[in-house]
Amino acid sequence: MQKKNKHTTGKGILVLLSSVAVMLCIMLAVLPVQAHNLWVLGDADGKGTGQVHIYFEHHIGPGKGGYNGPIVERGKTWLKKLDGEKQSIEIKEVTVDEGTYIAGSAESVSGSYALDHTSLYGIYSGRLDFFHGRYIKAETKEDLAKLAESPDVPVQIIPSWTDKGLMLQIKYFALPWPRTSLWMMQPEEKDEKGEMKEKEMQTNNKGEILIGKLKPGTHYFSTRIIEKDPAGAFEYQAYKGLMHGSTLILKLGSSF
(Lines give C-alpha, C1' and ligand atoms only; values in the text may rest on other atoms or scores of the structure.)
Protein backbone atom coordinates (compact mmCIF):
# COMPACT_ATOMS: atom_id res chain seq x y z
CA MET A 1 0.00 0.00 0.00
CA GLN A 2 2.83 2.41 0.77
CA LYS A 3 4.36 1.99 -2.68
CA LYS A 4 0.99 2.57 -4.31
CA ASN A 5 0.41 5.70 -2.21
CA LYS A 6 3.84 7.08 -3.08
CA HIS A 7 3.29 6.41 -6.76
CA THR A 8 -0.17 7.98 -6.66
CA THR A 9 1.12 10.99 -4.76
CA GLY A 10 4.00 11.48 -7.19
CA LYS A 11 1.66 11.19 -10.16
CA GLY A 12 -0.68 13.72 -8.55
CA ILE A 13 2.17 16.18 -8.07
CA LEU A 14 3.19 15.81 -11.73
CA VAL A 15 -0.41 16.44 -12.85
CA LEU A 16 -0.61 19.45 -10.55
CA LEU A 17 2.70 20.85 -11.83
CA SER A 18 1.59 20.30 -15.42
CA SER A 19 -1.66 22.16 -14.75
CA VAL A 20 0.23 25.04 -13.15
CA ALA A 21 2.60 25.19 -16.13
CA VAL A 22 -0.31 25.29 -18.58
CA MET A 23 -2.04 28.05 -16.59
CA LEU A 24 1.21 30.02 -16.42
CA CYS A 25 1.65 29.76 -20.19
CA ILE A 26 -1.91 30.95 -20.74
CA MET A 27 -1.39 33.91 -18.40
CA LEU A 28 1.86 34.88 -20.09
CA ALA A 29 0.23 34.65 -23.50
CA VAL A 30 -2.62 36.95 -22.49
CA LEU A 31 -0.74 39.47 -20.38
CA PRO A 32 1.02 41.59 -23.05
CA VAL A 33 -2.15 42.82 -24.80
CA GLN A 34 -4.20 43.00 -21.61
CA ALA A 35 -1.43 45.08 -20.07
CA HIS A 36 -1.61 47.67 -22.86
CA ASN A 37 -3.84 50.72 -23.18
CA LEU A 38 -3.98 53.17 -26.07
CA TRP A 39 -3.65 56.72 -24.78
CA VAL A 40 -4.19 59.78 -27.01
CA LEU A 41 -2.59 62.95 -25.66
CA GLY A 42 -3.23 66.38 -27.17
CA ASP A 43 -0.89 69.38 -26.88
CA ALA A 44 1.80 66.85 -26.05
CA ASP A 45 4.61 69.43 -25.97
CA GLY A 46 2.57 71.86 -23.85
CA LYS A 47 3.18 74.70 -26.33
CA GLY A 48 -0.12 74.77 -28.20
CA THR A 49 1.48 73.58 -31.45
CA GLY A 50 -1.01 70.76 -32.01
CA GLN A 51 1.36 67.89 -31.23
CA VAL A 52 -0.44 64.59 -30.72
CA HIS A 53 1.17 61.63 -28.98
CA ILE A 54 -0.27 58.12 -28.88
CA TYR A 55 1.13 55.77 -26.27
CA PHE A 56 0.37 52.07 -26.67
CA GLU A 57 1.55 51.20 -23.17
CA HIS A 58 -0.14 50.39 -19.89
CA HIS A 59 1.21 53.61 -18.41
CA ILE A 60 0.95 57.06 -19.99
CA GLY A 61 4.20 57.83 -21.80
CA PRO A 62 6.82 56.38 -24.16
CA GLY A 63 7.75 52.73 -23.72
CA LYS A 64 9.32 49.78 -25.48
CA GLY A 65 7.01 50.22 -28.47
CA GLY A 66 7.06 46.52 -29.27
CA TYR A 67 3.39 46.41 -30.25
CA ASN A 68 3.08 49.73 -32.13
CA GLY A 69 3.16 48.25 -35.64
CA PRO A 70 -0.55 47.39 -36.10
CA ILE A 71 -1.57 50.71 -34.52
CA VAL A 72 0.49 52.71 -37.03
CA GLU A 73 -0.55 50.50 -39.94
CA ARG A 74 -4.30 50.33 -39.33
CA GLY A 75 -5.08 53.09 -36.83
CA LYS A 76 -7.09 56.21 -37.73
CA THR A 77 -6.87 59.48 -35.81
CA TRP A 78 -9.05 62.61 -36.04
CA LEU A 79 -9.25 66.11 -34.59
CA LYS A 80 -12.78 67.29 -33.79
CA LYS A 81 -13.51 70.97 -33.19
CA LEU A 82 -16.45 72.57 -31.42
CA ASP A 83 -18.12 73.49 -34.71
CA GLY A 84 -18.12 69.83 -35.71
CA GLU A 85 -15.29 70.14 -38.24
CA LYS A 86 -13.11 67.02 -38.43
CA GLN A 87 -9.50 66.74 -39.56
CA SER A 88 -7.67 63.48 -40.24
CA ILE A 89 -4.24 63.18 -38.60
CA GLU A 90 -1.38 61.16 -40.03
CA ILE A 91 0.63 59.21 -37.48
CA LYS A 92 4.11 57.66 -37.39
CA GLU A 93 6.39 55.95 -34.88
CA VAL A 94 8.99 58.04 -33.06
CA THR A 95 11.88 56.95 -30.82
CA VAL A 96 13.43 59.24 -28.21
CA ASP A 97 15.67 58.70 -25.18
CA GLU A 98 12.61 57.90 -23.01
CA GLY A 99 11.34 55.22 -25.39
CA THR A 100 9.07 54.82 -28.41
CA TYR A 101 5.64 56.28 -29.12
CA ILE A 102 3.36 57.27 -32.02
CA ALA A 103 3.08 60.91 -33.07
CA GLY A 104 1.03 63.18 -35.31
CA SER A 105 0.14 66.84 -35.69
CA ALA A 106 -3.23 68.59 -35.56
CA GLU A 107 -1.54 71.87 -36.52
CA SER A 108 -2.11 74.76 -34.14
CA VAL A 109 -5.28 74.35 -32.08
CA SER A 110 -6.64 76.35 -29.16
CA GLY A 111 -9.64 76.33 -26.90
CA SER A 112 -11.76 73.21 -26.53
CA TYR A 113 -11.38 70.26 -28.90
CA ALA A 114 -11.26 66.45 -29.03
CA LEU A 115 -8.97 63.83 -30.54
CA ASP A 116 -10.24 60.38 -31.53
CA HIS A 117 -8.34 57.23 -32.40
CA THR A 118 -9.59 53.78 -33.33
CA SER A 119 -7.65 50.80 -34.61
CA LEU A 120 -8.09 47.14 -35.43
CA TYR A 121 -5.08 45.59 -33.75
CA GLY A 122 -5.47 42.06 -35.10
CA ILE A 123 -5.53 38.56 -33.68
CA TYR A 124 -3.84 37.93 -30.36
CA SER A 125 -4.07 34.60 -28.53
CA GLY A 126 -6.85 33.54 -30.88
CA ARG A 127 -9.01 36.62 -30.20
CA LEU A 128 -9.57 39.70 -32.40
CA ASP A 129 -8.48 42.85 -30.56
CA PHE A 130 -9.38 46.51 -31.11
CA PHE A 131 -7.99 49.60 -29.35
CA HIS A 132 -9.55 53.04 -29.07
CA GLY A 133 -8.64 56.30 -27.36
CA ARG A 134 -10.05 59.79 -26.87
CA TYR A 135 -8.61 63.08 -25.64
CA ILE A 136 -11.02 65.84 -24.69
CA LYS A 137 -9.94 69.34 -23.72
CA ALA A 138 -12.93 71.26 -22.35
CA GLU A 139 -12.71 74.85 -21.15
CA THR A 140 -16.36 74.96 -20.04
CA LYS A 141 -19.19 72.56 -19.14
CA GLU A 142 -20.98 73.56 -22.35
CA ASP A 143 -17.91 72.64 -24.42
CA LEU A 144 -17.69 69.29 -22.64
CA ALA A 145 -21.27 68.50 -23.61
CA LYS A 146 -20.54 69.26 -27.28
CA LEU A 147 -17.40 67.11 -27.42
CA ALA A 148 -18.43 64.31 -25.06
CA GLU A 149 -19.50 61.70 -27.61
CA SER A 150 -17.83 60.67 -30.87
CA PRO A 151 -19.52 59.04 -33.88
CA ASP A 152 -16.19 57.50 -34.88
CA VAL A 153 -15.22 55.49 -31.78
CA PRO A 154 -17.06 52.15 -31.30
CA VAL A 155 -16.30 51.81 -27.59
CA GLN A 156 -15.96 55.00 -25.61
CA ILE A 157 -16.05 56.52 -22.15
CA ILE A 158 -18.46 59.47 -22.36
CA PRO A 159 -18.09 62.30 -19.81
CA SER A 160 -20.82 64.63 -18.56
CA TRP A 161 -20.85 67.19 -15.77
CA THR A 162 -23.59 66.99 -13.15
CA ASP A 163 -24.42 68.75 -9.88
CA LYS A 164 -22.42 66.01 -8.16
CA GLY A 165 -19.42 66.33 -10.47
CA LEU A 166 -18.13 64.14 -13.30
CA MET A 167 -20.29 61.30 -14.57
CA LEU A 168 -18.86 58.73 -17.00
CA GLN A 169 -20.84 56.34 -19.18
CA ILE A 170 -19.40 53.43 -21.14
CA LYS A 171 -21.03 52.80 -24.51
CA TYR A 172 -20.48 49.86 -26.83
CA PHE A 173 -21.60 50.74 -30.37
CA ALA A 174 -23.92 53.45 -28.94
CA LEU A 175 -25.41 51.08 -26.35
CA PRO A 176 -24.84 51.78 -22.62
CA TRP A 177 -22.76 48.90 -21.27
CA PRO A 178 -23.67 47.88 -17.71
CA ARG A 179 -21.57 46.18 -15.03
CA THR A 180 -18.27 46.90 -16.74
CA SER A 181 -14.92 47.65 -15.10
CA LEU A 182 -13.46 51.13 -15.44
CA TRP A 183 -10.06 52.17 -14.15
CA MET A 184 -9.07 55.66 -13.06
CA MET A 185 -5.33 56.06 -13.51
CA GLN A 186 -3.42 58.27 -11.09
CA PRO A 187 0.04 59.02 -12.53
CA GLU A 188 0.86 61.46 -9.73
CA GLU A 189 0.46 58.70 -7.13
CA LYS A 190 2.81 55.69 -7.06
CA ASP A 191 2.48 52.29 -5.45
CA GLU A 192 5.20 50.36 -3.59
CA LYS A 193 6.68 49.26 -6.95
CA GLY A 194 6.94 52.83 -8.18
CA GLU A 195 4.12 52.32 -10.71
CA MET A 196 1.14 54.63 -11.04
CA LYS A 197 -1.87 53.77 -8.95
CA GLU A 198 -5.16 52.65 -10.46
CA LYS A 199 -8.62 52.70 -8.96
CA GLU A 200 -11.04 50.10 -10.34
CA MET A 201 -14.77 50.83 -10.43
CA GLN A 202 -17.88 49.18 -11.89
CA THR A 203 -20.61 50.71 -14.04
CA ASN A 204 -24.24 50.48 -12.91
CA ASN A 205 -27.17 49.10 -14.91
CA LYS A 206 -27.09 52.20 -17.13
CA GLY A 207 -23.38 51.83 -17.83
CA GLU A 208 -22.65 54.87 -15.65
CA ILE A 209 -20.19 55.71 -12.89
CA LEU A 210 -20.25 58.86 -10.80
CA ILE A 211 -16.65 60.02 -10.34
CA GLY A 212 -17.59 63.17 -8.42
CA LYS A 213 -15.92 66.53 -8.10
CA LEU A 214 -12.56 66.82 -9.82
CA LYS A 215 -10.04 69.63 -9.84
CA PRO A 216 -9.18 71.37 -13.11
CA GLY A 217 -6.40 69.46 -14.83
CA THR A 218 -5.89 66.18 -16.67
CA HIS A 219 -7.55 62.91 -15.68
CA TYR A 220 -7.12 59.40 -17.12
CA PHE A 221 -9.61 56.55 -17.51
CA SER A 222 -9.61 53.15 -19.24
CA THR A 223 -12.02 50.28 -19.82
CA ARG A 224 -12.11 46.91 -21.57
CA ILE A 225 -15.02 44.98 -23.11
CA ILE A 226 -14.65 41.30 -24.04
CA GLU A 227 -17.15 39.20 -25.99
CA LYS A 228 -16.44 35.47 -25.99
CA ASP A 229 -18.89 34.23 -28.65
CA PRO A 230 -18.19 36.12 -31.91
CA ALA A 231 -16.04 34.17 -34.37
CA GLY A 232 -14.67 34.70 -37.85
CA ALA A 233 -11.44 35.20 -39.74
CA PHE A 234 -8.99 38.08 -40.14
CA GLU A 235 -6.25 37.97 -42.77
CA TYR A 236 -7.06 34.28 -43.41
CA GLN A 237 -6.67 33.44 -39.73
CA ALA A 238 -9.56 32.22 -37.59
CA TYR A 239 -10.46 33.92 -34.31
CA LYS A 240 -12.91 33.34 -31.47
CA GLY A 241 -13.90 36.29 -29.28
CA LEU A 242 -13.49 40.05 -29.43
CA MET A 243 -11.75 42.54 -27.14
CA HIS A 244 -12.17 46.33 -27.24
CA GLY A 245 -9.83 48.41 -25.07
CA SER A 246 -10.74 52.10 -24.76
CA THR A 247 -9.35 55.10 -22.89
CA LEU A 248 -10.23 58.71 -22.14
CA ILE A 249 -7.84 61.51 -21.27
CA LEU A 250 -9.94 64.42 -20.02
CA LYS A 251 -8.44 67.89 -19.54
CA LEU A 252 -10.77 70.18 -17.60
CA GLY A 253 -10.36 73.97 -17.69
CA SER A 254 -10.40 76.38 -14.75
CA SER A 255 -14.21 76.80 -14.88
CA PHE A 256 -14.57 73.29 -13.46
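Residues numbered from 1 in each chain as written. Predicted model: local features only at pLDDT ≥ 70, side-chain atom pairs only at ≥ 80, totals over all residues. Heavy atoms only, no water.

Next up on the list: the packing of aromatic side chains. Taken as a whole, this structure holds nine aromatic pairs when the rule is applied. Considering the side-chain rings of Phe56 and Phe131, the 4.7 Å spacing of their centres and the 75 degrees angle between planes classify their relative orientation as edge-to-face. With Phe56 in strand S2 (residues 51–57) and Phe131 in strand S8 (residues 127–138), this residue pair connects regions lying 75 residues apart in the sequence. Residues Phe56 and Phe131 agree in their burial class; the two are buried. Here the aromatic cluster, defined as three or more aromatic residues joined through ring pairs, consists of Phe56, Tyr121 and Phe131. In this structure, Lys86 is placed above the aromatic ring of Trp78, and the distance from its NZ or CZ to the ring centre is 5.9 Å. Between Lys141 and the ring centre of Phe256, over which it is positioned, the NZ or CZ distance is 5.3 Å. (Phe/Tyr/Trp six-rings, centres within 6.5 Å; stacked < 30°, edge-to-face > 60°. Helix = DSSP H or I, 4+ residues; strand = E, 2+ residues; numbered from the N terminus. Buried < 20%, exposed > 50% of the residue type's maximum accessible area, 1.4 Å probe, protein only. Lys NZ or Arg CZ within 6 Å of the ring centre and 35° of its normal.)

A sheet is described by the order of its strands in space; here eight strands give the open sequence S4-S3-S7-S8-S16-S15-S12-S13, paired in mixed fashion. A strand with exactly one partner marks an edge of an open sheet, and here the two such strands are strand S4 (86–89) and strand S13 (196–202). Looking at each pair of strands side by side, their axes are set apart by 20 degrees on average, direction ignored. With four bridges joining them, strand S3 (residues 76–81) and S4 adopt antiparallel strand pairing. Note that in S4 the partner of Thr77 across the bridge is Ile89. (Pairing = 2+ DSSP bridges. Axes fitted to C-alpha atoms, helices over the stretch in contact; angles between N-to-C directions.)

A few words now on the environment of Ala103. Structurally, Ala103 can be placed in strand S6 (residues 99–105). Residues Ala103 and His53 lie 50 residues apart in sequence; the distance between their C-alpha atoms is 4.6 Å. Beyond its immediate chain neighbours, meaning those up to four positions away, Ala103 contacts Val52, His53, Glu90, Ile91, Lys92 and Val94. (Contact = heavy atoms within 4.5 Å.)

So, on to the confidence of the model for the protein. When pLDDT is averaged across the protein, the result is 88; 87% of the residues are at 70 or more. Taken together, the stretch residues 6–33 has pLDDT below 50 and engages in twelve contacts with residues farther than four places along the chain or on a different chain. (pLDDT = per-residue confidence, 0-100.)

In a beta sheet, neighbouring strands are held together by backbone hydrogen bonds and run either parallel or antiparallel to one another. One open sheet accounts for four strands, arranged S1-S2-S6-S5; its pairing is antiparallel. Each of the sheet's edge strands pairs with one partner strand only, and the pair in question is strand S1 (37–41) and strand S5 (91–96). Between one strand axis and the next, the sheet turns by 30 degrees as a mean value, whatever way the strands run. In this structure, S5 lies alongside S6, joined through six bridges in antiparallel fashion. For Val96, the partnering residue across the bridge sits in S6 and is Gly99.

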